[in-house]
Each structure stands twice: as structure tokens, then as C-alpha cells.
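Reading the structure
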Amino acid sequence: MKRFATVTVIGKDKTGVVARITSFLFAQGANIEALEEQVTRGQFSMTLQASWSPRKLDETAVRDGLVRLGRELEMEVTIRFTEPHRTQRMGIMVTREPHCLEAILRAWRARQLPRAEPVVVIGNRPDLEPIARAHQLPFVHIPWEDRNQAETRALQVLDQYECDFIVLARFMKILSPNFVWRYKNKIINIHPSLLPSFPGPQAYRQAYERGVKIVGVSAHFVTMHLDEGPIIAQSAFPVKSGMTLQQIIAKGREHEAKTLLRAIKIFLTKRLDVYWGVVKEV
């Protein structure tokens, strides 16, 4: 069976980075499955997916070689080997709304997520720690006053718990490109609108004030652009005559929990690739 890995390269832009990384991987018997790179304000970011036949892979040599290349290039080079049939380790990030976190943990306890194991809950507020502790999960409170410091700490925690993917269960902070590139197409968010309509934190209020007749939610991969990531799953409900904003919000939260859970199941049971911003099952 093939072995797969994701290589992430981040640092100050310079010439020859792509050639150095790909040449090394070719020499190590890798097949390059996909590669995406970009430069933003002098910051180079690349995500590369590679595969090996079992007899061609020397995991230690690949890891050591990439560490050496990172030092030579003065860039951060990381590799995560993935095993599609292994239980995936899930990190969950939250703020204060409990409904999505509770739905995920109930489904996990009911064995409805057989290929996922939540391993840590990270909160920018301490409100939901009792829920995590009730499920015997570690909870790490990371204040978010300074985003750079907070993201550095969050990445350390995610690495410590060897998280394969991240779920934003109504996490109400914007993640920087620096964070997102490290888990490209591995961060699932739930947004309270039928994207691309009504991005931002007040989606239900915007829909209510515009008098829309259908309100929905969207589970999507997180990208560098706020609430514009590739959509995995959506759900909608009709706005009945006379419904108040609070009634719409309450109904929307029911759909948020169900749709986020459905997106996680799709992510775990299908091989998803993103082509030109659209999620495809392959």
C-alpha cells in the first residue's frame, strides 16, 4: 500500500526552493501528487503532497533530509505522513458556544465517527473546559489577545498531540495565512450562512435584515480568505412568516451542529481534493 505525506515549507521568499525540495524528494523515490505555492508580502508558502511505494520509502532518511534542507534554506520545512486507513487524530478549537462541540463528542461516544479520535480541545476562552473534561479530553486555554503568540502556542499544542486535522467548532477568531498553510485543506469550519453570501460574524443578522426566505449553514475548508474556503457540506431551512432573529439563530445552530458533523464524516470516509476552489471526491 502506498504511503502518503504532506510537506509544508514556509519562510522568506528566495529562488530555487521548489527545485531543491522536489529534487530531494525525487531522489528519495517519491512521486509528487500535488503542489501549491504562493508568495504573500515576501513570505513563501508551499504545500506538497507526495507518495511512495512501501519498498522505496526510507522514512528516517526523508525526515532527516528535510530537516537539513530547512536549515540550509533557512525555512521551516515539516512533513506529516498520513495513513488513510488509520484513525485520524482530531484537534477541536472552540470559543464559547457549546452546540457544535457537544454534537461532535456525542457522535464520537456513540461510535458514529469510527475513523476519528478527538485528542485535544483548544479554547480562546475557558468556557467550554467542563465539556471537554467531562469527556476525559485535555483542554488548553490560549488567550488570543496577541494573535502571533496565540497561534504559535496553538501550533505547538496541535503538534504535541499529533493532530491530523482540525475542526473549528464555532471558534470565533480569524486564523492567519501562516497558520492555515500548515494544515492546508485540513481545517474544517462551520459558517452560519449559505456561502458565498453573508460572510463574517453577523451572518444570521444580515440574512434577517435582508429578508431572505432561505437561511443556511456551510461547512468548508479554511483558507487565507475569510469565509471563502471550498465548501464540503451545506444545509438550509425556510424562514417562516413572523420568525424572529433569535428563532432563526436557534434553528441555525441545530443545522450548524448537524452539518459540521456531516462534513467531518465526509472528510473521514472520502478522499477529498480541491480543484480550483471546489471540493471533489476522488
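Higher on the page you've got the structure.
The present account deals with the structure reproduced in this document.

Focus: the packing of helix 1 (residues 17-27) against helix 2 (residues 59-73)
Where helix 1 meets helix 2, the axes come as close as 11 Å, and the angle between the chain directions of the two elements is 160°. Compared by their axis directions, helix 1 and helix 2 come out roughly antiparallel. Crossing of helix 1 against helix 2: the hand is right-handed. Listed contacts from helix 2 to Val17, Arg20, Ile21, Phe24 and Leu25 of helix 1 are Ala61, Val62, Gly65, Leu66, Arg68, Leu69, Glu72 and Leu73. Among the residues making up the contact of helix 1 with helix 2, the classes are represented as 9 nonpolar, 1 polar and 3 charged.

Thoughts on the nonpolar core
Ile92, Ile104, Phe165, Ile188, Leu260 and Ile264 are the most contacted members of the largest nonpolar core, which totals 44 residues. Broken down by element, the residue count for this core peaks at 10 residues, all from helix 8 (residues 245-269).

Some points on the pattern of salt bridges
A complete count under the given rule lists 16 salt bridges for this structure. One salt bridge in this structure joins Glu72 and Arg20, with 2.5 Å as the shortest N-O distance. Remark: Arg20 occurs in helix 1 and Glu72 occurs in helix 2; sequence separation between them is 52 residues. A relative accessible area of 48% means that Glu72 is categorised as partly exposed. With a closest N to O distance of 3.2 Å, Arg63 and Glu59 form a salt bridge. Highlighted residues: Arg63 and Glu59, both in helix 2, separated by 4 residues, approximately one helical turn. A relative accessible area of 34% means that Arg63 is categorised as partly exposed. Look at the salt bridges and you will find they share partners, linking Glu97, Arg170, Arg253 and Glu256 into a network.

Some words on helix 5 (residues 147-160)
A rise of 1.5 Å per residue sets the reference length of helix 5, with its 14 residues, at 20 Å; its end C-alpha atoms lie 20 Å apart and thus fit the reference within 8%. Every buried residue belonging to helix 5 is among Ala150, Glu151, Ala154, Leu155, Val157 and Leu158, and all of these are buried. Buried residues of helix 5, viewed axially, fall in a sector of 160°; they line one side. Of the exposed residues in helix 5, those oriented more than 90 degrees away from the buried face are Asn148, Gln149 and Gln160. Residues of helix 5 that are buried make contact with strand 5 (88-94), strand 6 (116-123), strand 7 (139-141), strand 8 (165-168) and helix 6 (177-180). Capping the start of helix 5, Asp146 holds a side-chain oxygen 3.1 Å from the backbone nitrogen of Asn148, two or three residues further along.

Observations regarding the sheet that holds strand 5
Read from one edge of the open sheet, 7 strands run 7-6-5-8-9-10-11, paired in mixed fashion. Across the chains shown, the open sheet's two edge strands, defined by having one partner strand only, are strand 7 and strand 11 (231-238). In this sheet, neighbouring strand axes are inclined to one another by 20° on average, regardless of whether the strands run parallel or antiparallel. Bridge count between strand 9 (residues 187-191) and strand 10 (residues 214-221): 4 bridges; the pairing is antiparallel. Considered in strand 10, the bridge of Ile188 is made with Phe221. Strands strand 5, strand 6, strand 8, strand 9, strand 10 and strand 11 of the sheet are contacted by helix 8, whose axis makes an angle of about 155° with strand 11.

Parameters and conventions
Residues numbered from 1 in each chain as written. Predicted model: local features only at pLDDT ≥ 70, side-chain atom pairs only at ≥ 80, totals over all residues. Heavy atoms only, no water. Axes fitted to C-alpha atoms, helices over the stretch in contact; angles between N-to-C directions. Helix = DSSP H or I, 4+ residues; strand = E, 2+ residues; numbered from the N terminus. Parallel < 35°, antiparallel > 145°, perpendicular 65-115°, else oblique. Left-handed = near helix turned anticlockwise from the far one by under 90°. Contact = heavy atoms within 4.5 Å. Nonpolar A, V, L, I, M, F, W, Y, C, P; charged D, E, K, R; others polar. Core = buried A, V, L, I, M, F, W, Y, C linked by side-chain atoms within 4.5 Å. Buried < 20%, exposed > 50% of the residue type's maximum accessible area, 1.4 Å probe, protein only. Salt bridge = Lys/Arg side-chain N within 4 Å of Asp/Glu carboxyl O. Expected span 1.5 Å × (residues − 1). Arc of directions from axis to C-beta. Polar contact = N/O pair within 3.5 Å; in protein donor to acceptor, adjacent residues only side chain to side chain. Pairing = 2+ DSSP bridges.

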